[in-house]
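Chain and residue survey
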Amino acid sequence: MNNDVDPPNGTPIDLDCSGTKISRRIVIAVGHCFFKSGAWTDTRRLVPAADGIADSELGADPSPHGSTTSQWRYIRGDWMDHEWTNYDFGLMVLYNDSALKCWWWHAWQENSSGLTQDDVLLYGYPGEFQDCGGANSPHDDDFCFASIYGMGDPVITEGAYRFHYYMDTQPGMSGTGVYKIEGSERVVYGSHRGDYGCCMTDASRLNGGNTDLIQDAQSDHPGDGC
Amino acid sequence: MIFPRTFTALLIGAASPLGCKSESGECQVVSSMTLTDDEKSPSGTSPAELLQLSKPENAAFLWDLGLDGSNPTNAGIEEEVSVAVTTERASGSAQYVVTEQVGNTEQDGNCGPSLHVPVRLSLTTSDGALEEAFEADLILRYATGVASFDSSFAFEDLNGWLTPVAAGADGEVHAEFGEEVRGWVAVVVTLTSDGAARENWTMAGHWGDVAPPEDAP
């Protein structure tokens, strides 16, 4: 996800955050992608399956599936009022007229416990100028260049609002869907948020409050068709 | 796939204390210095040179519709309009600022060195909808080479006749100078209720090369 006017076809992508489409019109992320330090950010545009390496290495279009500007953004009230970590959750609502409305989406699962020791995965978009290390970047400068990057690992600890794991992530990966593989399906349980303590990172889980936000947005802005 | 809400609420109430304050992941200032207008910054640009970059522009101006076809303002979208954009130095000191990303949330803050010069940006459209002057910093971000200006406004404070369709909406103006000269005026609606805050942002009009609300591949 980036701001309103950069790319589709610019270089660099100016990526701000990652996100996960979970229904026709809803893209979940975290609250600080949309509202931070007391003000709304300009992160409003969805560039699904962005490819910053293709852009920077080959001059190819970094938005192979196009892009779209969101119609609405939702955050938790307690995130707006206090920016409390436990309420760091938000979402974008696409226009009902968007061509990306019927682009595929992930399954998701409301949850508030029971993830410890479960394997979870996350694949998101580190920012252009973040250092991905030599093995993970074709660039001489080792920059990530907004190309998808991720891994899997078990959940180590959890609370009712967040769950925590040892996965090395970079700025730009906030909002990445954290999912489990259930049968043949990827099922999202939370949105990657940031560091936790000295060594772990964590996700805002899709607990009751965050599920309410999703369902309120879906109720306010239903998507038909597909 | 959704558990009953009452079950979930019970678990939250029993298991978790209130959240702690986030250590915001953002660009924090690590150094800053005041410059005279003719003094070059450590990155090589003086405030006077930045003002030269933002030279006056006359450009075609297009009033925009949302992706759903709705007009966010009372502007006539069929009319051919031009806009005159000028910047002049406003009072206040110019600053060279270096920021680094800190904190524990993982939004990419696009931090780095930047030059800030207080300016007054005048924006006048040929249809009379906008006859305004806005004051804020013109900011040159060295990582991108783009100089930009951002300001919020209340529609009732405008000299022109532009008004939003949505009651209680505010406005934003953005201008960019550099290889690409472009900018826009936007309508912003913010609602708070039921433990949620909602924001609707719609571009009302623009000049220069601005991406449309949707760009199919």
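Residues numbered from 1 in each chain as written. Chains lettered and ligands numbered in written order. Predicted model: local features only at pLDDT ≥ 70, side-chain atom pairs only at ≥ 80, totals over all residues.

**Some words on the overall build of chain A**
- What chain A contains, in helices and strands, is four helices and 15 strands.
- In terms of overall dimensions, chain A is globule-like: its C-alpha atoms have a radius of gyration of 16 Å, near the 17 Å expected for 226 residues.
- In chain A, which comprises 226 residues, the share counted as buried stands at 58%.
- Excluding contacts between residues fewer than 6 apart, the proportion of contacts in chain A whose partners are at least 24 apart in sequence is 67%. (Helix = DSSP H or I, 4+ residues; strand = E, 2+ residues; numbered from the N terminus. Rg over C-alpha atoms; globule rule 2.2 N^0.38 Å. Buried ≥ 20, exposed ≤ 12 C-beta atoms within 10 Å, placed from the backbone. Contact = placed C-beta atoms within 7 Å.)

**Remarks on the overall build of chain B**
- Along the backbone of chain B there are two helices and 11 strands.
- Ordered by position in the sequence, the α and β elements of chain B form the string α-β-α-β-β-β-β-β-β-β-β-β-β.
- Expressed as a percentage of the 217 residues in chain B, the buried residues total 35%.

**Some thoughts on the pairing of strand β12 (residues 162-165) of chain A**
Residues and elements named next belong to chain A.
- Burial of the side chains of β12 extends over both faces: R162 and H164 are buried on one face and F163 and Y165 on the other.
- Alignment of strand β11 (residues 149-158) against β12, held across three bridges, turns out to be antiparallel. When the sheet's bridge partners are listed, V155 is paired in β12 with Y165.
- With antiparallel pairing between neighbouring strands as the criterion, β11 and β12 make up a hairpin whose turn holds three residues.
- Across four bridges, β12 lies against strand β15 (residues 200-205) in antiparallel orientation. Each residue of the ladder has a partner; that of F163, found in β15, is A203. (Pairing = 2+ DSSP bridges.)

**Concerning the pairing of β11 of chain A**
- Summarising the sheet, strand β10 (residues 119-124) of chain A and β11 of chain A pair through six bridges and their orientation is antiparallel. Looking at β11 of chain A, one finds that L122 of chain A is bridged to M151 of chain A.

**Section: the confidence of the model for chain B**
Residue and element names in this part refer to chain B.
- Averaged over every residue, the pLDDT of chain B is 84; residues scoring 70 or more account for 83%.
- At the low end of the mean pLDDT range in chain B sits helix α1 (residues 5-15), at 27; at the high end sits strand β5 (residues 113-125), at 97.
- Counting interchain partners and residues more than four positions distant, the pLDDT-below-50 stretch residues 1-23 has 41 contacts. (pLDDT = per-residue confidence, 0-100.)

**Concerning the environment of P42 of chain B**
- By the secondary structure assignment, P42 of chain B is in the loop between β1 (26-35) and α2 (47-53).
- Through-space distance from the C-alpha of P42 of chain B to that of P113 of chain B is 9.2 Å; in sequence the pair is 71 residues apart.

**Quick word on helix α4 (residues 208-220) of chain A**
- In this model α4 of chain A runs 18 Å from its N-terminal to its C-terminal C-alpha over 13 residues, within 8% of the 18 Å that 1.5 Å per residue would give.
- Within α4 of chain A, the full set of buried residues consists of G208, G209, N210, T211, L213, I214 and A217 of chain A. (Expected span 1.5 Å × (residues − 1).)

**Section: the nonpolar core**
- Core analysis: the biggest nonpolar cluster contains 57 residues, and I26, V27, A29, Y74, L91 and V93 of chain A have the highest contact counts within it.
- Non-local contacts of V27 of chain A, meaning those with residues more than four positions away in its chain, are made with G19, T20, K21, L46, L91, M92 and L94 of chain A.
- Membership of the second largest hydrophobic core comes to 35 residues, among which are A75, V81, F134 and V187 of chain B. (Core = buried A, V, L, I, M, F, W, Y, C linked by C-beta atoms within 7 Å.)

**Focus on the environment of E176 of chain B**
All names here are of chain B.
- Position of E176 relative to the elements: it lies in strand β8 (residues 170-177).
- On the basis of neighbour count, E176 is assigned to the buried category, with 21 C-beta atoms found within 10 Å.
- Separated by 122 residues in the primary sequence, E176 and S54 have C-alpha atoms spaced 8.3 Å apart.
- If near-sequence neighbours (up to four positions away) are discounted, E176 is found in contact with V146, A147, S148, V181, R182 and G183.

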